[in-house]
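One-letter residues, chain by chain:
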Amino acid sequence: MIRHIVRKEFTDVVRDGRFRWCSVLVGSLLLISLGHGWVQARNAQQEHAAAQATAREHWETQGEKNPHSAAHYGIYAFKPRLALSFVDEGVDPYTGTSVWLEAHRQNDFLLRPAQDATAAQRIGALTAAQVLQHLVPLLIILLTFGALASERERGTLRQLLATGIGRRELAAGKALGISGALALLLVPAALVGAAALVVASPGPAASPLARGTVLAGVYLGYFTAFLALSLAVSAWARSARTALVILLAVWVVNGLVAPRVAVDLSKWLHPTPSAFEFARTVQSEMSTGVADISPPDRDASTQRLLAEYGVERVEDLPINAVGVYLQESEEFGNRIFDRNYGALWDTFERQGVVHEMLAVAAPLLAVRTLSMGLAGTDVEQHRHFATAAETYRRDLMRQMNGDMTENSLTGDFSYAAGAELWESVPPLQYAAPTLGWVLGNRILSLLVLGAWLAGAILAAVARVRRAEVG
């Protein structure tokens with residue numbers, strides 16, 4: 001009997017002109033956004049690889065100069081695009097993907113498209129994730145709001161139940177029939193996405209197919225929750241019109257109101273300084289230090305070295321005192337950077353927790369954080385790369401100052417190193433976080449999404465059992 005209900009519901013939905021037009025529209029937007037995202041990600045990978053090779057070539061061919069001057073000459077580091085980034089750009093357009101590594105400074109990231117885009121351009125930048133998070137739930141609502149409410153209005157619900165069909169069987173058959181119709185839209189898109197994932201360069205992410213599988217499961221759970229919720233409302237509402245109004249209100253809160261509230265509330269609870277205020281604070285602390293971090297004193301550093309090596313004149317030191325002082329200055333700056341940037345990153349992550357907690361009221365917030373995490377474009381993975389780039393910068397500065405300390409005894413900057421030193425510096429090798437690391441950061445979102453799924457199914461079962469027949 002369920003098989004007949006599924007077949008009838010599937011046929012009715014597919015024959016409905018509204019479904020055909022909506023599915024063509026949503027499907028076209030989904031496929032276009034997938035294709036555009038893949039091309040954009042592929043181009044970004046190629047551009048980053050070319051820019052990284054050029055930056056490396058410039059570093060190795062910079063000619064003879066003092067190592068500390070080479071440290072100021074610096075080098076660029078580029079954040080790699082992971083395999084699933086074509087599905088969800090996440091925070092990358094806002095945080096940037098490249099950073100200039102130089103002495104005495106921890107620079108902000110560059111190449112931030114959102115910085116140069118107008119508000120209209122940012123709104124119009126449709127991604128596959130946005131289609132899946134906003135438009136597919138709307139399509140589910142339009143297909144499901146009348147599943148039981150319309151049967152009740154037409155008087156056919158009583159007739160169906162009089163034939164011996166159970167309420168649960170009827171609801172399950174309708175849900176499966178609608179799911180089959182949705183599969184005509186989503187399965188081809190999933191196959192296109194999987195093909196793009198296989199063709200695309202996997203980058204440094206471990207198990208991109210595993211990430212893709214988990215991402216598909218997340219969206220499947222999200223869609224199932226909306227389908228169950230829609231059936232519950234359709235079973236409870238006295239008319240199809242009432243069911244539609246209620247479900248559209250849910251969609252508006254979930255997709256439009258809750259994200260805006262989450263942003264404003266997280267900023268209010270955990271405010272961050274403006275870029276100007278942050279830079280001014282760092283500059284001030286670099287000049288004067290703070291309570292437990294004092295700037296290095298060159299004379300004190302020299303006297304310590306004289307005592308350590310048992311000599312009375314700087315000229316008698318077996319190392320370059322200036323190189324030692326420069327490295328001490330680097331270490332001091334590193335402590336200031338860790339203090340300020342660490343607090344800033346922690347604030348961003350606390351804001352993210354607020355978003356995850358508010359997912360109790362809107363499942364889109366949980367799905368969005370999971371989607372960005374699996375695509376490698378969330379704040380935590382941006383911080384992961386920024387930390388790796390900063391560690392590389394510090395190792396580079398330590399090597400440059402160390403070479404000056406060991407090989408220059410003149411006490412000034414007349415010493416010059418050559419290509420041998422530049423080539424001895426290894427390129428930045430970045431290892432992206434594993435899938436387990438990503439999911440470990442998203443336990444709260446997984447729990448909330450799971451609660452939404454379970455709650456929606458239980459609500460559907462309860463409302464269908466109590467549904468009025470006329």
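The sections below set out a description of the structure shown in this document. (Residues numbered from 1 in each chain as written. Predicted model: local features only at pLDDT ≥ 70, side-chain atom pairs only at ≥ 80, totals over all residues. Heavy atoms only, no water.)

Looking at the packing of helix α15 (residues 321-358) against helix α20 (residues 443-466)
Link 1 in the chain: Remark: α15 packs on α20, axes separated minimally by 9 Å, with the N-to-C direction vectors making an angle of 10 degrees. Looking at the two axes, α15 sits roughly parallel to α20. Residues Val353, Glu356 and Met357 of α15 form the contact with α20, whose participating residues are Leu444, Ser445 and Val448.
Link 2 in the chain: Residue composition of the contact of α15 with α20, grouped by class: four nonpolar, one polar and one charged. (Axes fitted to C-alpha atoms, helices over the stretch in contact; angles between N-to-C directions. Helix = DSSP H or I, 4+ residues; strand = E, 2+ residues; numbered from the N terminus. Parallel < 35°, antiparallel > 145°, perpendicular 65-115°, else oblique. Contact = heavy atoms within 4.5 Å. Nonpolar A, V, L, I, M, F, W, Y, C, P; charged D, E, K, R; others polar.)

So, the pairing of strand β2 (residues 98-102)
Regular strands place their side chains on alternate faces of the sheet.
Link 1 in the chain: Burial within β2 is extensive, with four of its five residues counted as buried.
Link 2 in the chain: Strand direction decides the pairing type here: strand β1 (residues 75-78) and β2, joined by four bridges, are antiparallel. Bridge pairing in β2 places alanine 77 opposite valine 99.
Link 3 in the chain: Inspection of the sheet shows β2 paired to strand β3 (residues 105-106) by two bridges, in the antiparallel sense. Looking at the pairing, glutamate 102 lines up with arginine 105 of β3. (Buried < 20%, exposed > 50% of the residue type's maximum accessible area, 1.4 Å probe, protein only. Pairing = 2+ DSSP bridges.)

A short note on the packing of aromatic side chains
Link 1 in the chain: Counted according to the given criterion, the structure contains 11 aromatic pairs.
Link 2 in the chain: Summarising the aromatic geometry, the rings of phenylalanine 278 and tyrosine 341 are spaced 4.9 Å apart at their centres and angled 80 degrees between planes, so their arrangement reads as edge-to-face. Here the residue phenylalanine 278 occupies a position in helix α13 (residues 275-288), and tyrosine 341 occupies one in helix α15, the gap between them amounting to 63 residues.
Link 3 in the chain: For tyrosine 341, a relative accessible area of 11% translates into the label buried.
Link 4 in the chain: Their ring planes at 70 degrees and their centres at 6.4 Å tell us that phenylalanine 337 and tyrosine 341 sit as a pair that is edge-to-face. Of the two residues, phenylalanine 337 and tyrosine 341 both sit in helix α15, four residues apart, roughly one turn of that helix. Here phenylalanine 337 matches tyrosine 341 in class, with each residue buried. (Phe/Tyr/Trp six-rings, centres within 6.5 Å; stacked < 30°, edge-to-face > 60°.)

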